[in-house]
Every structure is written in C-alpha cells, then in structure tokens.
Amino acid sequence: MLSERTSELCIVDVGTSIGNSGAFSFASHAGGLILVPSTEGTPTLEFYTSDTEGGTYRKVYPFDSTSALSVTLAASIAKQIPPQLFGARWVKMVASAISSGTAIKYTVLLKA
C-alpha cells in the first residue's frame, strides 16, 4: 500500500537581516519550493541555519566553496530550496533587497 508523502506550507518573513527574517522548520523535510511574491524584483537569498528556532543562526556554505549558499530570484517564480540545506533543522532566508518595509512574506512549500 502506498502512503502519501507529507507536505507543509509556511508563510515566512524575509528581510535584509537575520533579525527581520522569520524561521521555518526544515528538520522533517527533504526539499521544497520558495514561492517569490510578485512584488519582488531579483533579490539574492542567502540561507542561515540553527539547531533551535531561537538559537544562533549561522550562514550556510557549500562544502566545496568559500562563498555562502545563495540563490538569485525573480518575481512570481517558484525556486527549489537548495539541496545543501538537507541537514538543516531551522532555516532563515535573508534577501539582498526587498521592495518595501523591513520584511516581505514569502510562501515556502515543504515536502518530506
């Protein structure tokens, strides 16, 4: 008998600093998508991780790079969560720029 994989939808604040960005739990998931709002231009997102929601967040680096893990976005697209985050428990996304205010709400779709 086949069982359905679990999925989750999260609404997360994404700001230009860790303090303005909200966290989402990635511990029980293997991948997912970031849905970029139509109001956003082409920001670059960097990823931070912590072992607890309220813990210290550290910038994520691929094992073979001295540059932080990042993805470049465009308005109204769905972007795959980088597979390098597979081992992360809590994740925050920080944008290089946002359209207005201190944070923009992004939708994150997660799949176990």
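Predicted, not measured: the structure shown is a model, and the values here were computed from it.

**A word on the overall build of the chain**
And step 1. Looking only at helices and strands, the chain has 0 helices and 9 strands in total.
And step 2. Counting from the amino terminus, helix and strand elements in the chain follow one another as β-β-β-β-β-β-β-β-β.
And step 3. On C-alpha atoms alone, the chain measures out to a radius of gyration of 14 Å, which is about the 13 Å that the 2.2 N^0.38 rule sets for 112 residues.
And step 4. Taken along its principal axes, the extent of the C-alpha atoms in the chain is 50 × 30 × 30 Å.
And step 5. For the chain, the proportion of its 112 residues judged to be buried stands at 38%.
And step 6. Restricting the contact set of the chain to residue pairs at least 6 apart, pairs at least 24 apart contribute 80%.
And step 7. Taken as a whole, the chain presents about 6300 Å² of accessible surface, with 52% of it coming from carbon and sulfur.

**Notes on the side chain of His 29**
And step 1. Within the secondary structure, His 29 is located in the loop between β2 (23-25) and β3 (31-35).
And step 2. We classify His 29 as buried; its relative accessible area is 10%.
And step 3. In terms of polar contacts, His 29 uses its side chain to reach the side chain of Glu 8, at 3.3 Å.
And step 4. In this structure His 29 touches Glu 8, Phe 86, Leu 110, Lys 111 and Ala 112, once residues within four positions along its chain are discounted.

**Some remarks on the packing of aromatic side chains**
And step 1. Summed over the entire model, instances satisfying the criterion amount to 1 aromatic pair.
And step 2. Against the face of Tyr 57 rests Lys 92, its NZ or CZ located 4.8 Å from the ring centre.

Calculation rules
- Residues numbered from 1 in each chain as written.
- Predicted model: local features only at pLDDT ≥ 70, side-chain atom pairs only at ≥ 80, totals over all residues.
- Heavy atoms only, no water.
- Helix = DSSP H or I, 4+ residues; strand = E, 2+ residues; numbered from the N terminus.
- Rg over C-alpha atoms; globule rule 2.2 N^0.38 Å.
- Buried < 20%, exposed > 50% of the residue type's maximum accessible area, 1.4 Å probe, protein only.
- Contact = heavy atoms within 4.5 Å.
- Areas by Shrake-Rupley, 256 points an atom, 1.4 Å probe, with all protein chains shown as cover.
- Polar contact = N/O pair within 3.5 Å; in protein donor to acceptor, adjacent residues only side chain to side chain.
- Phe/Tyr/Trp six-rings, centres within 6.5 Å; stacked < 30°, edge-to-face > 60°.
- Lys NZ or Arg CZ within 6 Å of the ring centre and 35° of its normal.

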